[in-house]
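What follows is the residue order along each chain.
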Amino acid sequence: NELQASLGLLNLELIDDDRLKRKKLKSRYIEHFKNIDGAEILPDTPGATNNYQYIVLRIKKEGFGYSRDEIYNKLRQYNVFPRKYFFPLCSEMKHFRHLRSSKPENLPIAHEVANEGLCLPIYGALQSSAVDRICEVILETRTG
């Protein structure tokens, strides 16, 4: 309707500023995890314009020492609510589970990624100090 269209047009003016803020926050996340075994912030796709809607941390238990689910649960104890990325896989949903193509042995990489991806909090008004604290909680889990 006209009211929603007007609000949408007004919000379009805010997108570039919000995207820039999110880009800076992603850089901060990257800085925290750049030299950490088993943890990687997924990089931007070359040639694509990123909207920074998601900041995905990929956690490999064998290198990091803790699984994505353990980190997920730890963050929730601190009232930080990440989201499991690509989880569950479509192939695990009721309507697709029976298909031969959905068998886990046919999708080893998809299952690996689905068990390692964690979307960290990101929004334009998020303070850089909050990003620092989120990263501290994750890294303290690893060390201590």
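Everything numeric in this text was worked out from a predicted model, so none of it was measured. (Residues numbered from 1 in each chain as written. Predicted model: local features only at pLDDT ≥ 70, side-chain atom pairs only at ≥ 80, totals over all residues. Heavy atoms only, no water.)

1. Concerning unusual backbone geometry
Put simply, the rule reads: Strands are runs of DSSP state E lasting at least 2 residues, helices are runs of H or I lasting at least 4, and numbering of each runs from the N terminus.
In this model, Phe87 is joined to Pro88 through a cis peptide bond whose omega is -5°. With phi around 60°, Asn79 is a residue other than glycine that occupies positive phi space. Mapped onto the elements, Asn79 comes out in the loop between α3 (68–77) and β3 (83–84).

2. Here's the deal with the packing of aromatic side chains
Definition in use: The rule is short: rings of Phe, Tyr and Trp, with Trp giving its six-membered ring, pair when the centres are within 6.5 Å, and they are stacked under 30 degrees, edge-to-face over 60, tilted in between. Partly exposed describes any residue whose relative accessible area lies between the buried limit of under 20% and the exposed limit of over 50%, with all areas from a 1.4 Å probe on protein chains only and scaled to the type maximum. Only when the NZ atom of a Lys or the CZ atom of an Arg is both within 6 Å of the ring centre and within 35 degrees of the ring normal do we say a charge sits over the ring.
Scanning the model with the defined rule gives two aromatic pairs in all. Seen in terms of ring centroids, Tyr54 and Tyr85 are 5.5 Å apart; in terms of plane orientation they differ by 55°. Their pairing is tilted. Taken together, the residues Tyr54 in the loop between β1 (39–41) and β2 (55–59) and Tyr85 in the loop between β3 and α4 (108–116) connect sequence positions 31 residues apart. Tyr54 gets classed as partly exposed once you look at its relative accessible area, which sits at 36%. Seen in terms of ring centroids, Tyr85 and Phe86 are 4.1 Å apart; in terms of plane orientation they differ by 50°. Their pairing is tilted. Accessibility expressed as a relative area gives 47% for Phe86, which makes it partly exposed. Clustering of aromatic rings is evident, with ring pairs tying together Tyr54, Tyr85 and Phe86. Stacked on the ring of Tyr72, the Lys or Arg Lys84 has its end atom at 4.7 Å from the ring centre.

3. A look at the environment of Tyr54
Quick reminder of the rule: Two residues qualify as a contact provided that any one of their heavy atoms is within 4.5 Å of a heavy atom in the partner residue. Two N or O atoms form a polar contact when they lie within 3.5 Å of each other; inside protein one atom must be a possible hydrogen donor and the other a possible acceptor, and for residues adjacent in sequence the pair counts only when both atoms belong to side chains.
In this structure the C-alpha to C-alpha distance between Tyr54 and Cys135, which are 81 residues apart in sequence, comes to 16 Å. If near-sequence neighbours (up to four positions away) are discounted, Tyr54 is found in contact with Arg83, Tyr85, Cys119 and Ile122. In terms of polar contacts, Tyr54 uses its side chain to reach the side chain of Gln53, at 3.4 Å.

4. Quick word on the state of the cysteines
The bond known as a disulfide is covalent and runs between the sulfur atoms of two cysteines. Heads up, the rule is: Disulfide assignment relies on a single distance test, namely cysteine sulfur atoms paired within 2.5 Å.
Following the criterion strictly, the structure yields zero disulfides and no others. With no disulfide of its own, Cys119 lies 14 Å from the sulfur of Cys135, the closest cysteine sulfur. Its relative accessible area of 5% is what places Cys119 among the buried residues.

5. Some thoughts on the pattern of salt bridges
Just so we agree on the cut-off: Salt-bridge detection follows one rule: a side-chain nitrogen of Lys or Arg within 4 Å of a carboxyl oxygen of Asp or Glu.
Applying the stated criterion across every chain yields a total of 14 salt bridges. Measuring nitrogen to oxygen at the nearest pair gives 2.7 Å for the salt bridge that ties Arg22 to Asp18. Taken together, the residues span about one helical turn, with Arg22 and Asp18 both in helix α1 (residues 2–33) at a distance of four residues. Since its relative accessible area comes to 15%, Arg22 is described here as buried. Each of the salt bridges in this network shares a partner with another, and the network as a whole consists of Arg58, Lys60, Glu112 and Glu116.

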